[in-house]
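# What the coordinates show
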Amino acid sequence: MLKNIFELKNDKLSENPLWIAIQSMRNNKLLAFLSLLLLIFQIFAYNLVPIFNKYFFDALEVLNFTNIYKLLFLYILILIFSQVFKYAYFITSSRLYAYMQTQIRKDVLSYLNLHSLNYFVSRPSGKVTNEYHNLYDCNKILFTTLENVIPSVVVLVVSVVLAFLVSNNIGVGILVWSILIILISTKFIKLLSKRTQELELVSNYFMGVLGDFISNVKILRIFNVTKVTFNRLTKIASNYCFVALKKWRLKSIFGIFLDFCDVILILVFTVVLGKMYFANLITLGDLTMLFTLAYRIDDSLKELINSVEQIVADYQVSAIAAQNILVEIDNLDKENAKHMPVLDSLGISIKNLSFRYPKSKSKSNDLSSINLEIKSGEKIGIVGRSGSGKSTLFKLLQRQFEFQDAKIFFNDLDVNDYTKQSVRNNIAVVDQDNQMFNRSLKENILLGRKVSDKKLKQVLKDSHCNEFIKNLPDGLDALVGERGVKLSGGQRQRVAIARSMISKAPLVLLDEATSALDSKSEKVISDAFKKLSKDHTMICIAHRLSTLHFVDRIVVMDKGRILNVGTHDYLLEKCKVYQSLSKDQLH
């Protein structure tokens, strides 16, 4: 029963940051229980000290040396065991903390990876990164609770009980004082929580804008509008400072209040206990123990209140991150989805495909009644004006969105019956805007895949990458910069083609792959396409009809529908839209 608290429910992360931390211990349950046990022993040993003080000073008052020596020996044992438990807990908890951090990062990354492309394109990358960082720190909430809150509560309870054993009046006084301080502190903590939430929202927004600024600094400088974005960042930073000042002003007042309470507590204890001792109402041992308790209560109240305030602040930060990252996934695989193997050859059959983007305000579909048969190894071109549905069709082939009441078959396999990842293993994509990582050229081509040096050499030759790699100072080890800014458009396209050649995917999708290239680069890329198309089924979206000279058939789309399918000559004779597209490119 107790072990089950660590497990994920329905294989899904909880949106509660504390439960995320608890669930991250599921692969280290023994270490978690051992750490908790050592912490309990440590707390127990710590709370024996006030009791020892009472008996030791009582023995000292009457000069009972036999008891003094026994108590000193016990005190040394308590100190030794206390330190042993402390260091043992430090070792086990440090290891547990590291494992939890790693597990939370894996869990959150795995969940992020399940989100559709729409999730990422609708959120600034800097904001998502900041929220991810905040979420994997949620185990601080658990450790602060275990290491600070629980020990402080135990010390307060033990101290009140011991005070009652000496004097009911003192016990009642300590209890009332502690409750009063906690109640007043609760009001402060609620206000601080509100300030923390405001601060985190501003911080996430700032990180999102900052990420956009850094990623797009080139275009900002080209159009000389850097100052506009800089002023916007400065304004957000000023707002952050204003909200932060309100929080720290409140926290300073809270700190002054707690310090004032400390002074009052010690003064009252000194006067009251002094009078009681000299009136022979308490022994020297009682006096020493109660003073020890006074300082412990003071420290524990501070520790408890500050820890709760920190937990609430961390919880607010993690909860905001959880609400944004752990949202419902809008494009999940079916419960019993199968794994599609990488096919040797691939034919496509699209039957009655209609689709409208989620939350679209348009009354008409983005795709309507698409029916298309593509043979294995066939080369198909897709043309049409902007907004005709070409790229939407590509997205559905890649399972980026769900579609109902329609079928797409790879050979005889319905893609909706298989996992998205396994479907995508059968597809290689060369896009018009090929993304690059700020890593070496070799890493950008391989993308973590392992290939022999012989195959890599052949791929570099066929994709015409070797023509520019030989001119780079570091060759394949050259860093390409953020988003590949150190490479030209044609060079990035060649890298994308090399990626596809390394892939064993039988289907290649080319999406406006030569739209931004000059005629010389286009000729080189077209030659690479011919080599890539060998033994592959290929679908190519193009605005330039000249790039489709190698295809077997051309599909003409308009307003989300297929108007006609045929060869270049056939369409020039039969399709008015194709005639118009051809005519536009001649002028």
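Residues numbered from 1 in each chain as written. Predicted model: local features only at pLDDT ≥ 70, side-chain atom pairs only at ≥ 80, totals over all residues. Heavy atoms only, no water.

### Section: the overall build of the protein
Helix and strand content of the protein: 20 helices and 10 strands. Over its C-alpha trace the protein gives a radius of gyration of 35 Å, far above what one expects of a compact globule, namely 25 Å for 587 residues. Dimensions of the protein along its principal axes, counting C-alpha atoms only, are 115 × 55 × 45 Å. Out of the 587 residues belonging to the protein, those deemed buried represent 47%. Pairs at least 24 apart in sequence give 77% of the contacts found in the protein among residues at least 6 apart. Side chains of the protein give 73 positive and 53 negative charges; the mean places of these two sets differ by 3 Å. (Helix = DSSP H or I, 4+ residues; strand = E, 2+ residues; numbered from the N terminus. Rg over C-alpha atoms; globule rule 2.2 N^0.38 Å. Buried < 20%, exposed > 50% of the residue type's maximum accessible area, 1.4 Å probe, protein only. Contact = heavy atoms within 4.5 Å. Lys, Arg positive; Asp, Glu negative; His and termini not counted. Charge placed at Lys NZ, Arg CZ, Asp CG, Glu CD.)

### Here we look at the sheet that holds strand β4 (residues 407–410)
The strand order across the open sheet formed by 4 strands is β2-β1-β4-β5, and the pairing between neighbours is antiparallel. Each edge of the open sheet carries a strand with a single partner, namely β2 (367–374) and β5 (413–414). Relative to β5, β4 runs antiparallel, the two sharing 2 bridges. Bridge pairing in β5 links Phe409 to Asp414. The sheet contacts of helix α12 (residues 390–397) involve β1 (348–355), β2 and β4, and relative to β1 the element is tilted by about 115°. (Pairing = 2+ DSSP bridges. Axes fitted to C-alpha atoms, helices over the stretch in contact; angles between N-to-C directions.)

### Here we look at the packing of aromatic side chains
Going through the model one piece at a time under the given rule, you end up with 8 aromatic pairs. Cluster of aromatic residues (ring-pair linked, three or more members): Phe41, Phe81 and Phe85. Positioned above the aromatic ring of Tyr46, the side-chain terminus of Arg296 is 3.7 Å from the ring centre. One Lys or Arg, Arg439, reaches over the ring of Phe437 and ends 4.5 Å from the middle of that ring. (Phe/Tyr/Trp six-rings, centres within 6.5 Å; stacked < 30°, edge-to-face > 60°. Lys NZ or Arg CZ within 6 Å of the ring centre and 35° of its normal.)

### Overview of the sheet that holds strand β10 (residues 561–566)
Taking strand neighbours across the sheet as the criterion, the 6 strands line up as β6-β7-β8-β3-β9-β10 in an open arrangement whose pairing is mixed. In this open sheet, the two strands that pair with only one neighbour each are β6 (427–430) and β10. Each adjacent strand pair in this sheet contributes to an overall mean axis angle of 20°, direction not counted. Pairing of strand β9 (residues 553–558) with β10, which is carried by 5 bridges, proceeds in the antiparallel orientation. Looking across to β10, one finds that Asp558 is bridged to Arg561. In the packing of α12 onto the sheet, contacts are made with β3 (379–383), β6, β7 (507–511), β8 (537–541) and β9, and the angle to β8 comes to roughly 145°.

### Considerations on the pairing of β8
A regular strand places its side chains on the two faces of the sheet in alternate fashion. Most of β8 is tucked away: 5 of the 5 residues are buried. Of the two faces of β8, both are covered, the one formed by Thr537, Ile539 and Ile541 as well as the one formed by Met538 and Cys540. Summarising the sheet, β7 and β8 pair through 5 bridges and their orientation is parallel. Within β8, the position partnered with Leu509 by the bridge is Ile539.

### Describing the pairing of β9
Pairing of β3 with β9 involves 4 bridges; the strand directions are parallel. What sits directly across from Val383, in β9, is Val556. Hairpin connection between β9 and β10: a loop of 2 residues separates the two successive antiparallel strands, and Lys559 in this loop has a positive phi of roughly 55°.

### What about the nonpolar core?
Counting 48 residues, the largest nonpolar core has Leu135, Ile170, Phe269, Leu290 and Ile325 as its most contacted members. Looking at this core, the elements with two or more residues in it are α4 (65–114), α6 (125–135), α7 (139–166), α8 (168–215), α10 (226–278) and α11 (284–325). Among the elements that take part in this core, α11 stands out by supplying 13 residues, more than any other. Sequence-distant contacts of Ile170, that is, excluding residues within four places in its chain, are made with Ala163, Phe269, Leu273, Met276 and Leu290. Counting 38 residues, the second largest nonpolar core, distinct from the first, contains Ala428, Ile445, Val508 and Val577. (Core = buried A, V, L, I, M, F, W, Y, C linked by side-chain atoms within 4.5 Å.)

### Details of the pattern of salt bridges
Working definition: two side chains of opposite charge can pair if their charged atoms are close together. What the rule picks out here adds up to 8 salt bridges. When the shortest N-O distance is used, the salt bridge between Lys251 and Glu309 registers 3.2 Å. Here Lys251 is found in helix α10, whereas its partner Glu309 is found in helix α11, with 58 residues between them in sequence. In this structure, the salt-bridge partner of Asp414 is Lys407, at a minimum N-O distance of 2.9 Å. For Lys407, a relative accessible area of 38% translates into the label partly exposed. (Salt bridge = Lys/Arg side-chain N within 4 Å of Asp/Glu carboxyl O.)

### Points about the side chain of Lys390
Relative to the assigned elements, Lys390 resides in helix α12. For Lys390, the side chain forms a polar contact with the side chain of Ser388, separated by 3.4 Å. With residues up to four places along the chain from it excluded, the contact list for Lys390 reads Ile382, Val383, Gly384, Arg385, Glu512, Ile541, His543 and Met557. (Polar contact = N/O pair within 3.5 Å; in protein donor to acceptor, adjacent residues only side chain to side chain.)

### A closer look at the packing of α10 against α11
Remark: α10 packs on α11, axes separated minimally by 10 Å, with the N-to-C direction vectors making an angle of 170°. Relative to α11, the element α10 is oriented roughly antiparallel. In this structure, α10 contributes Lys251, Phe254, Leu258, Asp259, Asp262, Leu265, Ile266, Phe269, Thr270, Leu273 and Tyr277 to the contact, and α11 contributes Leu284, Leu287, Leu290, Phe291, Ala294, Tyr295, Ile297, Asp298, Lys302, Ile305, Asn306 and Glu309. Its residues assigned to classes, the contact of α10 with α11 comprises 15 nonpolar, 2 polar and 6 charged. (Parallel < 35°, antiparallel > 145°, perpendicular 65-115°, else oblique. Nonpolar A, V, L, I, M, F, W, Y, C, P; charged D, E, K, R; others polar.)

### Structural notes on unusual backbone geometry
Where the residue is not glycine, phi is negative for most of them; where a peptide bond is considered, it is trans in most cases. Despite not being glycine, Asn352 has its phi angle at roughly 55°, a positive value. If you trace the backbone, Asn352 turns up in strand β1. The phi torsion at Lys559 lies on the positive side, around 55°, for a residue other than glycine. Its location among the elements puts Lys559 in the loop between β9 and β10. A relative accessible area of 68% means that Lys559 is categorised as exposed.

### What to know about the side chain of Thr92
Examined against the element boundaries, Thr92 turns out to sit in helix α4. In this structure the side chain of Thr92 is engaged in a polar contact, spanning 3.2 Å, whose partner is the side chain of Ser35. When sequence neighbours within four positions are dropped, the list of residues in contact with Thr92 reads Leu31, Leu34, Ser35 and Leu38.

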